[in-house]
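Below, each chain spelled out in residue letters.
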Amino acid sequence: MSDIVVPGFASSELIAELAKIFDAMSADEKAKLIKQVNGVFQFVIKNSEGKEEIFTIDAKKEGKVTRGKGSIKADAILSLKDGDFVDLATGKLNGQKAYMSGKLKVKGQIMLAMKLDNVFKSIKPAAKL
């Protein structure tokens, strides 16, 4: 079991899946993604019990996913509920609508958050942000 998966957080399973995909990428594929995205995303996710977990997606330097704050300062910090993250990552929720309705809060480079769809496409090709 991955150290990224957290009981009570459905989003952690998707993030763990993303971590596996990043690990399985060739150096060229990882370099291409890093060039496309060039950002570090920190997700602050709150579950239905009110507990918070932090996950970091580094698509700037190393191309990896970690639980907790990463070693590199995040360019964009995104806060949302566990269920909303799952819907966003699987393409059921549009990122702009989520942001406009207050389901998604972004600190830092908001335009960089728009590039997240490139990252989520590795999980499921239909994800749109």
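Residues numbered from 1 in each chain as written. Predicted model: local features only at pLDDT ≥ 70, side-chain atom pairs only at ≥ 80, totals over all residues. Heavy atoms only, no water.

Chemist: Just checking my understanding: could you explain the sheet that holds strand β4 (residues 76-81) for this structure?
Modeler: In sheet architecture, strand pairing relies on hydrogen bonds along the backbone and comes in two forms, parallel and antiparallel. Taken in spatial order, the five strands make up an open sheet running β3-β2-β1-β4-β5, and their pairing is mixed. The open sheet has two edge strands, β3 (64-67) and β5 (105-108), and neither has a second partner. Here the average twist between neighbouring strands, direction ignored, is 20°. Where strand β1 (residues 39-46) lies against β4, six bridges are found, and the strand directions are parallel. Within β4, the residue paired with Phe41 across the bridge is Ala76. Taken strand by strand, helix α3 (residues 82-89) contacts β1 and β4, and its axis lies near 115° from that of β4. (Pairing = 2+ DSSP bridges. Helix = DSSP H or I, 4+ residues; strand = E, 2+ residues; numbered from the N terminus. Axes fitted to C-alpha atoms, helices over the stretch in contact; angles between N-to-C directions. Contact = heavy atoms within 4.5 Å.)

Chemist: Would you explain helix α1 (residues 10-24) in this entry?
Modeler: Structurally, the α-helix is built with 3.6 residues per turn, so residues lying three or four positions apart point the same way. With 15 residues, α1 should cover 21 Å at 1.5 Å per step; its first-to-last C-alpha distance of 22 Å lies within 8% of that length. Elements in contact with the buried residues of α1: α2 (27-37), β1, β2 (52-59), β3, α3 and α6 (116-120). (Expected span 1.5 Å × (residues − 1).)

Chemist: Just to check I follow, could you spell out the UniProt feature "domain: SCP2" (unreviewed entry) in the protein chain for this structure?
Modeler: The residues that UniProt annotates with the feature "domain: SCP2" (unreviewed entry) are residues 22-121. Taken end to end, residues 22-121 has its terminal C-alpha atoms 12 Å apart, with 37% of it in helix and 30% in strand. (UniProt positions renumbered as here; feature names shortened; annotations may be inferred.)

Chemist: Whenever I open this one, the packing of aromatic side chains confuses me. Can you help?
Modeler: Each aromatic ring pair is described using two quantities: the centre-to-centre distance and the angle formed by the ring planes. Enumeration over the complete set of coordinates arrives at one aromatic pair. Ring centres of Phe43 and Phe85 lie 5.1 Å apart, and the angle between their planes is 80°; on these two criteria the pair is classed as edge-to-face. Of the two residues, Phe43 is situated in strand β1 and Phe85 in helix α3; the sequence distance between them amounts to 42 residues. Classification of Phe85 as buried rests on a relative accessible area of 1%. (Phe/Tyr/Trp six-rings, centres within 6.5 Å; stacked < 30°, edge-to-face > 60°. Buried < 20%, exposed > 50% of the residue type's maximum accessible area, 1.4 Å probe, protein only.)

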